[in-house]
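The chain contents come next:
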Amino acid sequence: DRSRSLKGESFFDYADDSGNDKYRLLGESMCKGETGADAVKMDGRRYSVFFAPVSDSGWSMALAVPFMSLLGPALLFADSATEVAHGKFDAPLPVIESDDEIRLLRDSFGNMQQSLSKYIADLTETTAQKASIESELEVAKSIQMAMLPTTWPAFPDRNDIDIYGSLTPAKAVGGDLFDFFMRDGKLHFCIGDVSGKGIPASLVMSVISSMFRTLSASEDGPDKLVSAFNSSMAERNENMMFVTFFAGEIDLATGELRYCNAGHNPPFLLLGGKPQMLTTDANVPIGIVPGWKYSLQKCTLSPGTALFLYTDGLTEATREDDTLFGEDRVCDRLSRLKTTASSNEICAYMEDAVKEFVGDAEQSDDLTMLVIRVLLNHM
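Right, let's walk through the structure included here. Every value quoted in this text rests on a predicted model; they were computed, and no experiment measured them. Counting restarts for each chain, with residues numbered from 1 along the sequence as it is written. Local features in this predicted model are restricted to residues whose pLDDT is 70 or higher, and side-chain atom pairs enter the listing and the counts only when it is 80 or higher, whereas totals over whole chains, interfaces and linings include all residues. The side-chain quantities take in all heavy atoms of the structure and omit both hydrogens and water.

Details of the overall build of the protein chain
Counting its regular elements, the protein chain contains 10 helices and 13 strands. Throughout this description, buried means an accessible area under 20% of the type-specific maximum (1.4 Å probe, protein chains only), exposed means over 50%, and partly exposed covers the range between. Out of the 379 residues belonging to the protein chain, those deemed buried represent 40%. In what follows, residue pairs with any heavy atoms lying within 4.5 Å of each other are defined as contacts. Long-range contacts, defined here as pairs at least 24 residues apart, represent 61% of the contacts in the protein chain between residues at least 6 apart. If you sum the accessible surface of the protein chain, you get close to 21,300 Å²; carbon and sulfur atoms cover 53% of it. Runs of H or I in DSSP of at least four residues are treated as helices and runs of E of at least two as strands, each being numbered from the N terminus. Working definition of accessibility: Shrake-Rupley area with a 1.4 Å probe, residue cover restricted to the visible protein chains.

Following this line, the structure appears as structure tokens:
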């Protein structure tokens, strides 16, 4: 304080006037020739005081530095960090002239800003691309699902047939399929499972679905239909994909079922009591062996018989301990159904049984079911 110095007053006079013992202790340390530092408050401002003796002079010198002079860059960094945290990645940084740790901190902070800006830009682009892909997959899913029967009851003007199907894909799009149509008093139907999942499987599924109705109009017999599928796919199957497939036709006037199974899960016959698995020949899936001769099989369905067809998404549904649902559980659950259960009720019951079994485990495969019940006595 210049006014005090002119009057010949000392630091101890200032200490006495302030009533702060810390000032006196600081002055005593300097008089003893000690070296050190302390924090004090003078005239309402905070200072860091650094003191040391001057060699061979009997004097001691103290340097009082305002806290803000020391903390200024750090506080400015804190302000910049706050702006960055709020998404302003180009927030200006304090200018540091010194070549010390603060300068290094400033440079590191600047590099972090650039990295964050690039990361956010890349993330924004990736998010936009993902949203576009998800949108396209939703469109693909809509197209794919539109290829399946969606109107129930399927034949409201008929009282001799009750049919219902459901498909739950494991991904946005899948490789399972089912279809049916009526022609000349016969119900033509199929169910299939393309190897793999996702977009590749869905493309093959779409081709098979389209071919089913086209070829069924000209091919006489499920075995010839499956053979035509195999010839078309096996000759151009560089990716070694295949399709397990079951095709059939039911003459509703006689109850005769003609069918061909290409490596698919054998369906169950339901007519009271314990479900019976339909006998099927060991034909290979479509697309594996060119020129394979697929066999035709026949049986007669009694009035009231239900044919339960499904893909391996049912039998291979897996809970968290890796236990499979399996054919035995399928048979057990089907045996608990009422004999009067409709096709819709059978599908819904089995879907609930699978959901209860797997619990919180993620669905691992497409799940498809098709139920056909013949209702009337044959002529």
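A closer look at the sheet that holds strand 12 (residues 306-310)
One open sheet accounts for 5 strands, arranged 4-13-12-9-10; its pairing is antiparallel. Unpaired on one side and paired on the other, strand 4 (161-168) and strand 10 (276-277) mark the two borders of the sheet. Both strand 9 (residues 268-270) and strand 10 contribute to a ladder of 2 bridges, which runs antiparallel. Looking across to strand 10, one finds that Phe 268 is bridged to Met 277. Contacting strand 9, strand 10 and strand 12, helix 9 (residues 326-335) runs over the sheet at an angle of about 10 degrees to strand 9. Strand pairing is defined by DSSP finding a minimum of two bridges between the two strands. Helix axes are fitted only over the stretch in contact, all axes being lines through C-alpha atoms; the angle between N-to-C directions runs from 0 to 180 degrees.

Things to note about the pairing of strand 1 (residues 36-42)
Examined bridge by bridge, strand 1 and strand 2 (residues 45-54) share 7 bridges and lie antiparallel to one another. In the strand pairing of strand 2, Gly 36 is matched with Phe 51. The hairpin turn running from strand 1 into strand 2, its antiparallel successor, is 2 residues long, and Asp 43 in that turn takes a positive phi close to 55 degrees.

Points about the sheet that holds strand 11 (residues 297-300)
If you trace the 5 strands from one edge of the open sheet to the other, you get 5-6-7-8-11, paired in antiparallel fashion. Taken across any chain shown, the strands that pair with only one partner, and hence form the sheet edges, are strand 5 (176-183) and strand 11. In this sheet, neighbouring strand axes are inclined to one another by 15 degrees on average, regardless of whether the strands run parallel or antiparallel. With 6 bridges joining them, strand 7 (residues 243-251) and strand 8 (residues 256-262) adopt antiparallel strand pairing. Within strand 8, the position partnered with Glu 249 by the bridge is Arg 258. Lying over the sheet, helix 6 (residues 198-216) contacts strand 5, strand 6 (186-194) and strand 7, oriented at roughly 15 degrees with respect to strand 5. Across the face of the sheet, helix 7 (residues 222-234) comes into contact with strand 7 and strand 8 while running at roughly 155 degrees to strand 7.

Description of the pattern of salt bridges
Salt bridge, as applied in this entry: a Lys or Arg side-chain nitrogen positioned within 4 Å of an Asp or Glu carboxyl oxygen. Following the criterion strictly, the structure yields 8 salt bridges and no others. The salt bridge involving Arg 158 is made with Asp 160; its shortest N-O contact spans 2.8 Å. For Asp 332, the salt bridge goes to Arg 333, with nearest N and O atoms at 2.7 Å. The class of Arg 333 is buried, set by a relative accessible area of 18%.

As for a nonpolar patch on the surface
The patch calculation keeps residues exceeding 30% relative accessible area without a salt bridge and links them within 9 Å when they carry like charges or within 5 Å when they are nonpolar (Val, Leu, Ile, Met, Phe, Trp, Tyr). A surface patch of nonpolar side chains, amounting to about 290 Å² of accessible area, comprises Phe 242, Ile 288, Val 289 and Trp 292. We classify Ile 288 as partly exposed; its relative accessible area is 40%.

Considerations on helix 10 (residues 343-358)
In this model, helix 10 (16 residues) spans 23 Å end to end at C-alpha, consistent with the 22 Å of a helix rising 1.5 Å per residue. Of all the positions in helix 10, only Ser 343, Ile 346, Cys 347, Met 350, Ala 353, Val 354, Phe 357 and Val 358 are classed as buried. Seen from one end, helix 10 has its buried residues packed into an arc of 125 degrees, which puts them on one side. What points out from helix 10, more than 90 degrees from its buried face, is the exposed set Lys 355 and Glu 356. Expected helix span is taken as 1.5 Å per residue step, with the number of steps being one fewer than the number of residues. The arc in question is traced by the directions running from the helix axis to the C-beta atoms.

Section: the environment of Asp 332
Along the chain, Asp 332 turns up in helix 9. Judged by its relative accessible area of 30%, Asp 332 falls in the partly exposed class. In the structure, Asp 332 is positioned 58 residues away from Lys 274 in sequence and 8.2 Å away in space, judged by C-alpha atoms.

Brief notes about the nonpolar core
In a soluble, globular protein the nonpolar side chains are often hidden away together inside. The criterion is simple. A nonpolar core is a set of buried Ala, Val, Leu, Ile, Met, Phe, Trp, Tyr and Cys residues joined through side-chain atoms within 4.5 Å. Of all hydrophobic cores here, the largest spans 47 residues; its most connected members are Phe 189, Phe 229, Phe 245, Leu 257, Ile 286, Leu 370 and Ile 372. In terms of residue count, the dominant contributor to this core is helix 6 (7 residues). In contact with Ile 286, other than residues within four places in its own chain, are Val 226, Phe 229, Asn 230, Met 233, Met 241, Phe 242, Val 243, Phe 245, Ala 262 and Tyr 294. Formed by 25 residues, the second largest nonpolar core is a distinct cluster that contains Tyr 164, Tyr 310, Ala 317 and Met 369.

Quick word on the packing of helix 6 against helix 7
It is the contact of helix 6 with helix 7, at a shortest axis distance of 11 Å, that shows an interaxial angle of 135 degrees. One finds that helix 6 runs oblique with respect to helix 7. The way helix 6 lies across helix 7 gives a crossing that is right-handed. Together, Val 204, Ile 208, Met 211, Phe 212, Leu 215 and Ser 216 of helix 6 and Leu 225, Ala 228, Phe 229, Ser 232 and Met 233 of helix 7 make up the contact between the two elements. Note on residue classes: Ala, Val, Leu, Ile, Met, Phe, Trp, Tyr, Cys and Pro are nonpolar, Asp, Glu, Lys and Arg are charged, and everything else, Gly too, is polar. Class assignment for the residues of the contact of helix 6 with helix 7 results in 9 nonpolar, 2 polar and no charged. Here roughly perpendicular refers to angles of 65 to 115 degrees, roughly parallel to angles under 35, roughly antiparallel to angles over 145, and oblique to all remaining angles. In this scheme the handedness of a crossing depends on how the near helix is turned from the far one: anticlockwise by less than a right angle means left-handed, clockwise means right-handed.

As for the packing of aromatic side chains
By convention, a stacked pair of Phe, Tyr or Trp rings (six-membered ring in the case of Trp) has centres within 6.5 Å and planes under 30 degrees apart, an edge-to-face pair has planes over 60 apart, and any other such pair is tilted. Under the counting rule described, the total for this entry stands at 11 aromatic pairs. Taking the centre distance of 5.5 Å and the plane angle of 15 degrees together, the rings of Phe 246 and Tyr 259 count as stacked. Placement of Phe 246 in strand 7 and of Tyr 259 in strand 8 is noted, with a sequence separation of 13 residues between them. Accessibility expressed as a relative area gives 3% for Tyr 259, which makes it buried. Pairing Phe 325 with Phe 357 gives two aromatic rings, centres 5.3 Å apart and planes at 75 degrees, and the pair type is edge-to-face.

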